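Single-letter residue listing:
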Amino acid sequence: MSCGPVCTNLGLKPGQRLTVKGKIAPNAKSFVMNLGKDATLLGLHFNPRFDAHGDVNTIVCNSKKVEEWGAEHREAVFPFQKGGTAEITFGVNQNDVTVHLPGHQFTFPNRLNLSVFDYFDTQGDFTLQSLSWE
């Protein structure tokens, strides 16, 4: 899977939000956005799958501690289109992360009890166009 930009030292704390905007490839199979302490401690692995790993039009979320993945969480709402644009906002809370999508939102638990999210990366069939946090 191709890797996009990697951000470190973000310093996202509870009450802050990270907004990601970009373009989805016309022939997209899937893309990934990771938020965590670093590349080995991922509090949120956000993986929209158009057609990958046996999933079709499904968002799969997970966490990873070193090489150990947690239980997958699936969202049936899929507001993404191949060749389209995407805007996703991740709201950091004390015990979870709220994922804001067009017309839908859900929370994913902070399984690693991270107090700060310093790391963000994108991978796969997605071109990052802007990144902002508040």
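Residues numbered from 1 in each chain as written. Predicted model: local features only at pLDDT ≥ 70, side-chain atom pairs only at ≥ 80, totals over all residues. Heavy atoms only, no water.

A. Geometry of the nonpolar core. Membership of the largest hydrophobic core comes to 30 residues, with the highest contact counts inside it found for Phe46, Phe80, Ile88 and Phe90. Secondary structure elements with two or more residues in this core: β2 (17-24), β3 (31-38), β4 (41-52), β5 (55-65), β8 (85-92), β9 (96-101) and β10 (104-109). With 4 residues, the single largest contributor to this core is β8. In this view, Phe80 contacts Ile24, Phe31, Phe46, Pro48, Phe50, Ile59, Ala86, Ile88 and Leu101; residues no more than four positions away in its chain are not counted. (Core = buried A, V, L, I, M, F, W, Y, C linked by side-chain atoms within 4.5 Å. Buried < 20%, exposed > 50% of the residue type's maximum accessible area, 1.4 Å probe, protein only. Helix = DSSP H or I, 4+ residues; strand = E, 2+ residues; numbered from the N terminus. Contact = heavy atoms within 4.5 Å.)

B. Examining the pairing of strand β11 (residues 119-124) more closely. Within β11, 5 of the 6 residues are buried, leaving the element largely enclosed by the surrounding structure. Pairing analysis gives 3 bridges linking strand β1 (residues 3-7) to β11, with the strands arranged antiparallel. Considered in β11, the bridge of Val6 is made with Asp121. Note: β3 against β11, 6 bridges, orientation antiparallel. If you follow Phe31 over to β11, its bridge partner there is Gly124. (Pairing = 2+ DSSP bridges.)

C. Expanded view of the UniProt feature "domain: Galectin" (unreviewed entry) in the protein. What UniProt calls "domain: Galectin" (unreviewed entry) maps, in this numbering, to residues 4-134. The annotated region residues 4-134 carries 0% helix and 63% strand content, and the separation between its end C-alpha atoms amounts to 22 Å. (UniProt positions renumbered as here; feature names shortened; annotations may be inferred.)

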